[in-house]
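# Working through the structure, step by step
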Amino acid sequence: MVSPDGDCTVVSDAGVSSFGSVDDAVARGAMAGRRVLWWRAAAMGALIAVHPPDRVWDLAAVHRLVAGGSRDDDEAIWSLRHGLAPGEPQRAVEGPPDLFAAGEPDEVQAGAPLPRAAGTPDWLRSAEHRAAWGRHALDIACWQHDRLAERRGRFSAATAESGAAMLCVELEQQGLPVDRPVLEELIAASAGARPQTEDDAVRARRTRDELVWRHVPGGRPVDLRNPGAVREMLRQAGVVVDDTRAWHLEPYRAGSPLVDALLTWRKAERIATTYGWSWLAEFVGPDDRLRGAWDASDGGAGRMTAGSGLHSLPAPLRPGIAAEPGHVLVRADLGQIEPRVLAVVSRDPALAEATRSDDLYAEIATDLSVDRPTAKVAMLAAMYGQTSGTAGQVLGRLERTYPTAMAFLRSAAEAGERGEPVLTYGGRLVPVHVGPDDTTAQARGRGRFTRNAVVQGAAAEFFKAWALTVRAEVAPLRGRIVLCLHDELLVHVPREAAEAAVEAVDSALQNAARRWSGGAPVRFVSDTGVFHRWSEEKG
């Protein structure tokens, strides 16, 4: 389905409107120079793998901007557009026809509930259905655009979210390159040799446990996976704690061989049970690529997230992430991203001026007449709503030095306390949930959440804009993004293009910042370097 101005082509996993297939549409130029509109990138993997569009509008991704939350199925998208109460996600069951469903409606009609079969592969085999599905998709996209324009007028947010959804499909397809022999050595160091039988696995587990038991009074076995048993074990050794989580035990580590052994065991146990041999077999393919499911937007701030350990790989395993022969990894980390983003979204001139420095926290320290650690803690605490301790002591200075930024954060917090949703810089709705018996403490918790959401949400939007700009800039160098991790990018590129890729990544940062911020006088910085392994330190 092509829009009246000829600028948009609607595609689905069953084809392109009246064309028989996506390949046929590509051959006939139905998508050339146009924005491609689809319901969701996850269903367009085949097209993205061979012919990724230059411009895309993803109904599901933009729906999450407009509606907030994480639900983005067809039923939710359709219901929001037509002012209907969304029911449970509806999909037709594959297989023989359901005789009892013979009377269910088949046609999609504006203002009516979405039929069960609508959008399913069988339903889309009909050219008439494809055309109707395309018309409704275009109507929803125009409606989404108008809703975002009413909020912020930021068309770029929808573009970035849609592009990020397509990038997530590419990340799933490409995978993260690993050095399998090194990864196997690292797993063996923590989990023991690859078990051939269940008895082998039991023996390896006991071997790990015995490294802790040797420090237990009397050397007796203790169930280290039972918090109550661990707490009693520690009590008998003279370490009395109410909570056995790592950050509560860390202060006792230097003076207690038992605590030190326990914390070391926990790291090994995590690798053995979560990132061990079964993880390697399930998620690392025969091409030595680690793959997992990606999501372009979590339900809160809108960050990109991934499964299969891609976003939580333990540091001891990172040496196993390495470029393929003849290639390198270009790694780039955004520096002090939250306060720089705050300078943009709040339009605070004093904070914007401070961002001119490479070390923003040092500049803030000078402005506040405090040391750098205090300045960093205070600024981060202001964005998270902490008012006690060191942060509370310099809160007054922050208010006087950066009044516009602090007023922006306070306004977001007050909205959350009242139970009102907030909007991110790009127009994402961030709802809050209010219970009938909520206390003052719960209201303040909502305020801390919304205070942080307007910063973290905007930071996620900027990161996506940067990642998509990098994606375009490194493509001519045969470079591909292989990991997006919070504020960090990993780009896999041929060795001979390494220097050009670094320049492209850094140039993309400035270009993305200028477009995303609307030309605000805020400087963004990145620590960028070339490596063979992810674990290598930047020099």
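Calculation rules
- Residues numbered from 1 in each chain as written.
- Predicted model: local features only at pLDDT ≥ 70, side-chain atom pairs only at ≥ 80, totals over all residues.
- Heavy atoms only, no water.
- Buried < 20%, exposed > 50% of the residue type's maximum accessible area, 1.4 Å probe, protein only.
- Helix = DSSP H or I, 4+ residues; strand = E, 2+ residues; numbered from the N terminus.
- Core = buried A, V, L, I, M, F, W, Y, C linked by side-chain atoms within 4.5 Å.
- Contact = heavy atoms within 4.5 Å.
- Pairing = 2+ DSSP bridges.
- Axes fitted to C-alpha atoms, helices over the stretch in contact; angles between N-to-C directions.
- pLDDT = per-residue confidence, 0-100.
- Parallel < 35°, antiparallel > 145°, perpendicular 65-115°, else oblique.
- Left-handed = near helix turned anticlockwise from the far one by under 90°.
- Right-handed = clockwise from strand over helix to strand, strands pointing away.
- Nonpolar A, V, L, I, M, F, W, Y, C, P; charged D, E, K, R; others polar.
- Polar contact = N/O pair within 3.5 Å; in protein donor to acceptor, adjacent residues only side chain to side chain.

Here we take up helix α13 (residues 337-346). Each α-helix turn comprises 3.6 residues. Residues three or four places apart therefore point the same way. Within α13, ten of the ten residues are buried, which leaves it mostly tucked inside the rest of the structure. All buried positions along α13 are accounted for by I337, E338, P339, R340, V341, L342, A343, V344, V345 and S346. Following α13 by one or two positions, R347 has its phi on the positive side, about 60 degrees.

Turning next to the environment of A204. Here A204 is to be found in helix α8 (residues 198-213). The class of A204 is buried, set by a relative accessible area of 19%. Note: C-alpha distance between A204 and A272 (68 residues apart in sequence) is 9.4 Å.

Inside soluble globular proteins, nonpolar side chains tend to come together where they are buried. Judged by nonpolar contacts, the single largest core of 110 residues is most densely connected at W38, L342, M379, W466 and F524. The biggest single contributor to this core is helix α19 (residues 440-474), with twelve residues. Every residue in contact with L342, bar those within four places of it in the chain, is listed here: R347, L351, M379, M383, A405, M406, F408, L409 and V455. Of all hydrophobic cores here, the second largest spans 25 residues; its members include W57, V62, A141 and A157.

This part covers the sheet that holds strand β11 (residues 480-485). With antiparallel pairing, four strands are arranged side by side in an open sheet as β11-β12-β8-β13. At either end of the open sheet lies a strand with only one pairing partner, and these are β11 and β13 (526-531). Mean inter-strand twist for the sheet, computed between neighbouring axes without regard to direction, equals 20 degrees.

Scored by pLDDT, the chain comes out at a mean of 89, with 90% of its residues at no less than 70. Residue range residues 1-6 is modelled with pLDDT below 50. Its contacts to residues more than four positions away, or to other chains, number 13 contacts. Below a pLDDT of 50 lies the segment residues 91-103, which in the model reaches eleven contacts outside its immediate sequence neighbourhood of four places, other chains included.

Quick look at the packing of α8 against helix α11 (residues 257-274) now. Contact pair α8 / α11: the axes reach a minimum separation of 8 Å and the direction vectors enclose 165 degrees. One way to sum up the angle between α8 and α11 is to call them roughly antiparallel. Viewed along their axes, α8 and α11 form a crossing whose handedness is left-handed. When α8 is examined against α11, the residues R208, D209, L211 and V212 are found in contact with a partner set consisting of L258, A261, L262, W265, A268, E269 and A272.

Neither face of strand β2 (residues 35-38) is left uncovered, since the one carrying R35 and L37 and the one carrying V36 and W38 both have all their residues buried. As paired strands, β2 and strand β3 (residues 56-58) are joined by three bridges and run parallel to one another. Bridge assignment links L37 to a residue of β3, and that residue is W57. Crossover handedness for the path β2 to helix α2 (residues 45-50) to β3: right-handed.

So, about the pairing of β11. Counting buried positions along β11 yields five of six residues, so the element is predominantly enclosed. Of the strand pairs in this sheet, β11 and strand β12 (residues 488-494) are connected by five bridges, and their pairing is antiparallel. In the strand pairing of β12, I481 is matched with V491. In sequence, β11 turns back onto β12 through a hairpin of two residues, with H486 there showing a positive phi of about 60 degrees.

Between helix α16 (residues 372-384) and helix α17 (residues 389-401), the shortest axis-to-axis distance is 9 Å and the interhelical angle comes to 80 degrees. As judged from the angle between their axes, α16 and α17 are roughly perpendicular. Residues T374, V377, A378, M379, A381 and A382 of α16 form the contact with α17, whose own contacting residues are T390, A391, V394 and L398. Of the residues belonging to the contact of α16 with α17, the class tally is eight nonpolar, two polar and no charged.

Looking at the element boundaries, R220 is found in the loop between α8 and α9 (227-236). For the pair R220 and M233, spaced 13 residues apart in the sequence, the C-alpha separation amounts to 9.7 Å. Once residues within four sequence positions are removed from consideration, R220 is found in contact with W213, M233 and Q236. A distance of 3.1 Å separates a polar atom in the side chain of R220 from a polar atom in the side chain of Q236.

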